[in-house]
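Architecture and fold: a report
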Amino acid sequence: MGHVGRTIDWADGTVVIVDQCALPAEHRLLRLATVDELIGAIQRLAVRGAPALGAAGALGVALAAHRHGADTAAVHADAGRLATARPTAVNLRWGVERALTKLPGGAEAVLAEALAMLDEDERVNREASAHAARLLLGTCARRPLRLLTHCNTGRLATVDWGTALGVVRHLHAEGELEYVLADETRPLLQGARLTAWELAEEAIPYRLLPDAAAAAAMARGLVDGVVVGADRIAANGDTANKIGTYGLALAAARHGLPFVVVAPSSTVDASLPDGGAIVIEERAPEEVTHVAGNPVAPKDAAVFNPAFDVTPVDLITAVVTEHGVVAGTAR
Ligand SMILES: CSC[C@H]1O[C@H](OP(=O)(O)O)[C@H](O)[C@@H]1O
């Protein structure tokens with residue numbers, strides 16, 4: 001079927017998203033008419049991924065302005081709740097705050113800014129992923145490349161195209177990709193449900209693997225490089241990303257493989273000198289104790305379920321944005 005269109009958009013006074021909780025079984029759209037409906041979609045990961053959350057933040061302010069009109073206090077109240085719907089991805093608050101700057105111009109001005117941000121997201125992610133693709137081609141001796149990736153960083157995590165999976169798209173289009181090894185990414189399985197779906201839709205060769213098999217794949221010489229996304233990048237390049245990323249970086253270092261982070265510059269939080277202060281979202285125990293709604297652990301099992309971890313910059317070959325390499329050991 002190929003390209004399925006934008007992951008998040010505006011239509012008739014509503015925010016329209018691809019419902020990522022329904023994939024891969026069903027590709028369906030959800031129309032969200034209020035900021036509370038959008039917050040609910042964000043918190044259950046019907047819309048997810050740092051750049052897509054930035055777009056959701058901006059469109060959510062447009063939704064609030066559309067509904068509340070001149071009642072700017074109500075708009076700011078909605079915006080404040082929206083900005084804190086998920087704590088780790090800096091893009092959500094960034095999108096809210098950037099859209100709010102246009103509120104004095106009224107609802108139409110806010111919407112125009114949000115729509116411009118959607119176009120910008122695709123452009124900057126195409127640029128960032130192109131930089132990273134060239135870096136990997138210049139770093140890895142073997143051709144075509146075999147890349148391992150984690151979680152979902154494709155069209156579904158952005159407005160369109162993708163970050164780490166955008167690198168895969170560039171390389172595949174140039175005949176420079178042999179295959180992708182896609183971590184399933186427990187507990188919410190963004191890799192198995194979303195990355196595999198995206199790659200299958202575009203006939204990009206991939207193999208799905210349990211997260212626990214990633215280091216063994218590197219040890220068996222099946223990987224030329226690791227490419228991942230980001231949710232918040234500190235000023236020194238320390239990077240918060242989906243839980244399991246730090247372990248991949250350790251394994252990549254052990255095996256002398258390039259470890260590349262790809263993100264739009266809106267994911268960089270320059271206010272943080274390093275990753276020590278990045279707030280890590282803790283999620284519900286049921287995400288670990290249940291699979292597809294079925295219990296797989298003792299009732300009331302104690303659970304440790306952080307949604308992200310922080311990879312120190314000394315384990316990162318390159319942090320790549322639309323501006324090129326901005327941090328990492330390759331600088
Ligand atoms: C380009 S997406 C960035 C990032 O967002 C994902 O987290 P979540 O699925 O919880 O929104 C994952 O960490 C991706 O790498």
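Residues numbered from 1 in each chain as written. Predicted model: local features only at pLDDT ≥ 70, side-chain atom pairs only at ≥ 80, totals over all residues. Heavy atoms only, no water.

Considerations on the UniProt feature "site: Transition state stabilizer" (unreviewed entry) in the protein chain
UniProt records the feature "site: Transition state stabilizer" (unreviewed entry) at Cys-151, using the numbering of this structure. Topologically, Cys-151 is positioned in the loop between β4 (145-149) and α6 (164-173). Judged by relative accessible area, which is 7%, Cys-151 ranks as buried. Other than its neighbours up to four places away in sequence, Cys-151 contacts Arg-48, Asp-183, Thr-185, Gln-190, Gly-191, Thr-195 and Lys-242. (UniProt positions renumbered as here; feature names shortened; annotations may be inferred. Helix = DSSP H or I, 4+ residues; strand = E, 2+ residues; numbered from the N terminus. Buried < 20%, exposed > 50% of the residue type's maximum accessible area, 1.4 Å probe, protein only. Contact = heavy atoms within 4.5 Å.)

Some thoughts on the side chain of Lys-242
With respect to the helices and strands, the residue Lys-242 is situated in strand β9 (residues 239-242). The side chain of Lys-242 is buried and forms no salt bridge, while Asp-231, the nearest opposite charge, is found at 6.0 Å. Looking at Lys-242, its side chain comes within polar contact range of the main-chain oxygen of Ala-307, at 3.0 Å. If we skip the residues at most four places from it in the chain, Lys-242 touches Arg-86, His-150, Cys-151, Thr-185, Gln-190, Asp-231, Ala-307, Phe-308 and Asp-309. (Lys, Arg positive; Asp, Glu negative; His and termini not counted. Salt bridge = Lys/Arg side-chain N within 4 Å of Asp/Glu carboxyl O. Polar contact = N/O pair within 3.5 Å; in protein donor to acceptor, adjacent residues only side chain to side chain.)

Quick look at the UniProt feature "binding site: substrate" (unreviewed entry) in the protein chain
In this numbering, the UniProt entry assigns the feature "binding site: substrate" (unreviewed entry) to Arg-48, Gly-49, Ala-50, Arg-86, Gln-190, Asn-241 and Lys-242. For Gly-49, a relative accessible area of 10% corresponds to the buried category. For Lys-242, a relative accessible area of 8% translates into the label buried.

Here's the deal with the site of the ligand
Not every one of the 18 residues close to the ligand is listed here, only the nearest: Arg-48, Arg-86, Asp-231, Asn-241 and Lys-242. Here Asn-241 contributes a side-chain N or O atom positioned 2.6 Å from an oxygen atom of the ligand. Note that an oxygen atom of the ligand is positioned 2.6 Å from one of the side-chain N or O atoms of Lys-242. Among the secondary structure elements, those contributing two or more residues to the shell around the ligand are α2 (50-68) and β9. Broken down by class, the residue content of the shell around the ligand amounts to seven nonpolar, seven polar and four charged. Taken together, domain 1 (8-121) and domain 2 (125-327) each give at least three residues to the shell around the ligand, which thus spans both. (Near = heavy atom within 4 Å. Nonpolar A, V, L, I, M, F, W, Y, C, P; charged D, E, K, R; others polar. Domains from an automatic or database assignment.)

Here we look at the domain arrangement of the protein chain
Many authors give the size of an interface as the accessible area that is lost as the parts come together. Split into domains, the protein chain comes out as domain 1 (8-121) and domain 2 (125-327). Between the C-alpha centres of domain 1 and domain 2 the distance comes to 24 Å. Between domain 1 and domain 2, the contact holds 24 residues from the first and 30 residues from the second. When the two sides are added together, the surface that domain 1 and domain 2 hide from each other amounts to roughly 2,200 Å², 54% of it contributed by carbon and sulfur. At the junction of domain 1 with domain 2, the criterion picks out one salt bridge. Its salt-bridge partner being Glu-281, residue Arg-86 comes within 2.9 Å of it at the nearest N-O pair. In this structure, the connection of domain 1 to domain 2 is made through 16 residue pairs in polar contact (both at pLDDT 80 or more). At four residues, the largest contribution of residues to the side of domain 1 that touches domain 2 is made by α2. (Buried area = accessible area lost by both parts, 1.4 Å probe.)

Some points on the sheet that holds strand β15 (residues 318-321)
Across the sheet, seven strands lie side by side as β6-β5-β4-β7-β10-β15-β16; this open sheet has mixed pairing. The outermost strands of the open sheet, each flanked by one partner alone, are β6 (206-209) and β16 (324-327). Put simply, the sheet's adjacent strands are angled 30 degrees from each other on average, direction ignored. Bridge analysis of strand β7 (residues 225-228) against strand β10 (residues 259-262) gives three bridges, and the strand direction is parallel. Along β10, the bridge assignment pairs Val-226 with Phe-259. Contacting β5 (177-183) and β6, helix α7 (residues 190-201) runs over the sheet at an angle of about 175 degrees to β6. (Pairing = 2+ DSSP bridges. Axes fitted to C-alpha atoms, helices over the stretch in contact; angles between N-to-C directions.)

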